[in-house]
Amino acid sequence: MRVLGIDPGYAIVGWGVLDYTGNRFTPVAYGAILTDKDTPFEHRLAEIYTGMNEVCEKYRPQALSIEKLYYQHNQTTVIGVAEARGVILLSAAQAGVPIFEYTPMQVKQAVTGYGKAVKKQIQEMTRILLHLEAVPKPDDTADALALAIAHCHCSRSRIAGAPPR
């Protein structure tokens, strides 16, 4: 199974593609779609859409794993992230890629075995599971790979109960 993990944002969209066969992860590619803060927002969304189309076309994922949107304090940021997330979901839907959503706690549980793990623990476990020399940068890329790992674990066990959208 080939999974595309996405950490949504509008300044940085982290992405990571993994192949999962048996119980083995093989990192295929990972990176980030970056947009400039001085670019008009609608053009940033267009850049995200174009970047997502390129990733989907090049790597042909069989599933997209994305973080469920949540916010705590900053409603301004969450609206922009929601808009970027909509563009990401549109791109995946147009490419025919099934979409699966996971909460941060589900990702933490799937990657580290502990639902209250901190970011550094998740990143280090992602590095270990993927046999990488270093944690991928920016952090959004490492988070995207963790989302892909989470989908691989959850889709195999179905304990997370994350049906496609």
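Here the structure is a predicted model, which means the values were calculated and not measured.

A. Structural detail: the overall build of the protein. Broken down by element type, the protein carries five helices and five strands. Start at the N end of the protein and walk to the C end: the helices and strands fall as β-β-β-α-β-α-β-α-α-α. A compact globule built from 165 residues should have a C-alpha radius of gyration of about 15 Å, and the protein, at 15 Å, falls within 12% of that. Referenced to the eigenvectors of the C-alpha coordinate spread, the extents of the protein come out at roughly 45 × 35 × 30 Å. Put simply, the protein has 165 residues, and 46% of those count as buried.

B. The arrangement of the side chain of S65 in detail. Secondary-structure assignment places S65 in strand 4 (residues 63-67). Accessibility expressed as a relative area gives 0% for S65, which makes it buried. A polar side-chain atom of S65 sits 2.7 Å from the main-chain carbonyl oxygen of L147. Sequence-distant contacts of S65, that is, excluding residues within four places in its chain, are made with V3, L4, G5, I6, F100, Y102, L147, A148 and H151.

C. Examining helix 3 (residues 104-112) more closely. Turning to helix 3, its buried residues number three or more, namely Q106, V107, A110 and V111. For helix 3, the angular spread of buried residues about the axis comes to 115°, placing them on one side.

D. Structural view of unusual backbone geometry. Of note, the amide linkage connecting K137 to P138 takes the cis form, showing an omega dihedral of -5°. Mapped onto the fold, P138 is located in the loop between helix 4 (119-129) and helix 5 (139-157). Look at H131: it is not a glycine, yet its phi comes out positive at around 55°.

E. Representation of the packing of aromatic side chains. Summed over the entire model, instances satisfying the criterion amount to three aromatic pairs. Between Y10 and F41, the ring centres sit 5.4 Å apart and the planes meet at 75°, which makes this aromatic pair edge-to-face. Residue Y10 is found in the loop between strand 1 (2-7) and strand 2 (12-21), and its partner F41 is found in helix 1 (residues 41-59); the two are separated by 31 residues along the sequence. The exposure class assigned to Y10 is partly exposed, which follows from its relative accessible area of 22%. Exposure remark for F41: the relative accessible area of 24% places this residue in the partly exposed category. Ring plane angle 35° and centroid distance 4.7 Å describe the contact between Y20 and F25, whose orientation is recorded as tilted.

F. Summary view of the layout of surface pockets. Taken as a whole, the second largest pocket spans an internal volume of roughly 250 Å³. What lines the second largest pocket is a set of 13 residues, and nearest its centre among them are E67, P104, K119, I122 and D143. When residues of the lining of the second largest pocket are traced back to their parent elements, those giving at least two are helix 3, helix 4 and helix 5. A class-by-class count of the residues in the lining of the second largest pocket yields eight nonpolar, no polar and five charged.

G. Molecular detail of the pairing of strand 2. Of all ten residues in strand 2, seven are buried; the element is thus mostly enclosed. Here strand 1 pairs with strand 2 via six bridges, running antiparallel. Along strand 2, the bridge assignment pairs L4 with V17. Count of turn residues in the strand 1/strand 2 antiparallel hairpin: four residues. In this structure, strand 2 lies alongside strand 3 (residues 24-34), joined through ten bridges in antiparallel fashion. Looking across to strand 3, one finds that V13 is bridged to I33. Counting the residues that bridge the hairpin from strand 2 to strand 3 gives two residues, and of these G22 lies at a positive phi of roughly 65°.

About the criteria used
- Residues numbered from 1 in each chain as written.
- Predicted model: local features only at pLDDT ≥ 70, side-chain atom pairs only at ≥ 80, totals over all residues.
- Heavy atoms only, no water.
- Helix = DSSP H or I, 4+ residues; strand = E, 2+ residues; numbered from the N terminus.
- Rg over C-alpha atoms; globule rule 2.2 N^0.38 Å.
- Buried < 20%, exposed > 50% of the residue type's maximum accessible area, 1.4 Å probe, protein only.
- Polar contact = N/O pair within 3.5 Å; in protein donor to acceptor, adjacent residues only side chain to side chain.
- Contact = heavy atoms within 4.5 Å.
- Arc of directions from axis to C-beta.
- Phe/Tyr/Trp six-rings, centres within 6.5 Å; stacked < 30°, edge-to-face > 60°.
- 1 Å grid on protein atoms, 1.4 Å probe; cavity = no way out; pocket = protein on both sides within 12 Å on 5 of 7 lines; lining within 4 Å.
- Points joined across faces, edges and corners; volume = space filled by probe spheres on them.
- Nonpolar A, V, L, I, M, F, W, Y, C, P; charged D, E, K, R; others polar.
- Pairing = 2+ DSSP bridges.

All we've got here are geometric facts, nothing functional implied.
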